[in-house]
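A structural walkthrough
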Amino acid sequence: MRTVDMKQKDFVRDFVRSKTLKAIGHSSESDRLHESERASRQTALNLTRFLGYEPYPQDGSFDLHTWVGRAIYEKMTRDLPKVDQGNDRALSVKGLPYVAPGGESGGESGEVLLELARSVIGMQSARDLQRMPGPSDLANQCDVCLADKIAQALGIDSGATQGHIYVKTWIGTAMHEKLEQSLPKVYDGANLEITVDIENISGLGLVSGHVDVHLPEVSSINDYKSADLLGSFGLKKMRQAGVKVAYVWQTMLYLYGLRRAGMPADWANLTFIPRDSRNSSEVWTATCAYMDHVAVFALERAKSLVDVVRFDRRHTLKPDKQTPCFTCVILPRLNKQVA
Ligand SMILES: [Zn+2]
């Protein structure tokens with residue numbers, strides 16, 4: 001087994017984490033409400049508060065929660081004007097706050113805010129529309145789910161989406177977009193949101209993915225993950241139990257693709273940013289050296305599932321009960337509880 005240079009690993013982790021913290025801290029002094037935003041700004045502010053965040057506290061204080069609030073507020077400001085044109089209400093939005101009857105917030109009733117939040121958050125992003133499986137799909141530990149995704153890509157299944165989007169996912173996108181804007185202001189050595197070709201899988205096609213941050217200086221990639229601090233899927237638990245296998249697979253596939261393209265890519269970093277903490281010391285970076293066998297295994301497994309789908313043998317697959325799979329195991333359980 002290849003030995004990992006622990007000193008180098010610590011150095012990479014601290015380097016990556018410090019850049020993220022700098023990007024977050026940059027907001028404390030530099031963000032101002034722009035004049036051009038004025039038209040939609042009050043509604044965007046109301047919507048941000050509706051979701052439980054305060055982007056501009058009266059006392060001028062700034063913490064991680066404020067930063068998440070600003071990320072949400074800025075995305076609301078950008079997306080609100082698009083609602084009227086491309087309104088897609090086919091998607092339901094899970095995780096919206098309940099509205100107390102007659103509740104008022106800054107001039108707009110709770111009902112109005114709920115409807116607006118549904119429209120903004122329900123707008124399909126380009127990411128959601130992606131049809132070809134990407135590294136995060138290939139990393140899905142559930143054979144049934146990956147096979148279904150492959151069947152959609154091959155046009156065997158209709159490709160109907162799950163029909164709903166989660167507020168937490170949308171907040172994660174808002175945080176990604178904010179980091180993408182802030183990071184270049186504090187560090188100019190990173191390549192952001194680059195597309196990486198992973199491999200051409202026979203019978204399926206070229207699998208490619210988007211890497212949040214490539215840092216050639218430390219031969220690393222960094223993937224941001226928004227997370228809850230507490231709870232059974234929270235960061236506190238993960239720091240004890242270790243990073244999800246799916247995350248390891250996903251990042252190893254990115255590194256695999258970058259290395260094939262001749263780019264420096266020796267380390268995978270995952271930087272977890274809690275949505276429910278005020279303290280940026282809770283931002284956690286996990287670092288892992290490249291493991292070729294993991295990427296190769298993930299690709300081999302995907303290839304075999306392409307064959308399973310093409311030869312119409314999906315009924316032989318079993319859902320992942322060990323992790324367990326959110327879609328196949330947890331969601332049906334939750335729905336049963338609600339029913
Ligand atoms: Zn599944």
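So, how was this worked out
Residues numbered from 1 in each chain as written. Predicted model: local features only at pLDDT ≥ 70, side-chain atom pairs only at ≥ 80, totals over all residues. Helix = DSSP H or I, 4+ residues; strand = E, 2+ residues; numbered from the N terminus. Buried ≥ 20, exposed ≤ 12 C-beta atoms within 10 Å, placed from the backbone. Contact = placed C-beta atoms within 7 Å. Expected span 1.5 Å × (residues − 1). Pairing = 2+ DSSP bridges. Axes fitted to C-alpha atoms, helices over the stretch in contact; angles between N-to-C directions. Core = buried A, V, L, I, M, F, W, Y, C linked by C-beta atoms within 7 Å. Parallel < 35°, antiparallel > 145°, perpendicular 65-115°, else oblique. Left-handed = near helix turned anticlockwise from the far one by under 90°. Nonpolar A, V, L, I, M, F, W, Y, C, P; charged D, E, K, R; others polar.

**Digging into the overall build of the chain**
- Counting its regular elements, the chain contains 12 helices and nine strands.
- By residue count, 35% of the 339 residues in the chain fall in the buried class.

**Some thoughts on the environment of Asp63**
- With respect to the secondary-structure elements, Asp63 resides in the loop between α2 (38-50) and α3 (64-79).
- Remark: the alpha-carbon pair of Asp63 and Ser28, spanning 35 residues in sequence, is separated by 8.1 Å.
- The contacts of Asp63, once residues within four sequence positions are left out, are Arg278 and Asn279.

**Re helix α4 (residues 110-122)**
- Between the first and last C-alpha of α4 there are 18 Å, a value that for 13 residues agrees with the 18 Å anticipated at 1.5 Å per step.
- Within α4, the full set of buried residues consists of Leu113, Ala117, Ser119, Val120 and Ile121.

**Topic: the sheet that holds strand β8 (residues 267-274)**
- What the five strands build is an open sheet, ordered β5-β6-β7-β8-β9; its pairing is mixed. Both edges of this open sheet fall to β5 (191-201) and β9 (284-289), since each of them pairs with a single strand only. Taking the axes of each pair of neighbouring strands and ignoring which way they run, one obtains an average angle of 40 degrees across the sheet.
- Where helix α8 (residues 167-186) meets the sheet, its contacts fall on β5, β6 (205-215), β7 (220-227) and β8, and the angle it forms with β7 comes to roughly 140 degrees.

**Examining the nonpolar core**
- Core analysis: the biggest nonpolar cluster contains 74 residues, and Ile72, Met252, Leu253, Leu255 and Ala298 have the highest contact counts within it.
- Ranked by the residues each element gives to this core, the list is headed by helix α10 (residues 245-260), at eight residues.
- Discounting chain neighbours no more than four positions away, the residues touching Ala298 are Leu138, Ala139, Trp249, Met252 and Leu253.

**As for the packing of helix α7 (residues 143-153) against helix α11 (residues 292-310)**
- Close contact between α7 and α11 brings their axes to 9 Å; oriented N to C, the two are set at 65 degrees. In terms of their interaxial angle, α7 and α11 are classed as roughly perpendicular. Once α7 is placed against α11, the crossing between them reads as right-handed. Across from Asp143, Leu146, Ala147, Ile150 and Ala151 in α7, the residues of α11 making contact are Ala302, Leu305, Val306, Val308 and Val309.
- Taken together, the residues of the contact of α7 with α11 break down into nine nonpolar, no polar and one charged.

**Considerations on unusual backbone geometry**
- Residue Pro324 is bonded to the preceding Thr323 through a cis peptide linkage, with omega at -15 degrees.
- Along the chain, the position of Pro324 falls in the loop between α11 and α12 (326-338).
- With phi around 50 degrees, Glu193 is a residue other than glycine that occupies positive phi space.
- With respect to the helices, strands and loops of the structure, Glu193 is situated in strand β5.
- Classification of Glu193 by C-beta neighbours within 10 Å gives exposed; the count is 12.
- In this structure, Asp312 is a non-glycine residue whose phi angle is positive, near 60 degrees.
- Inspection of the secondary structure puts Asp312 in the loop between α11 and α12.
- On the neighbour-count criterion, Asp312 (9 C-beta atoms within 10 Å) is exposed.

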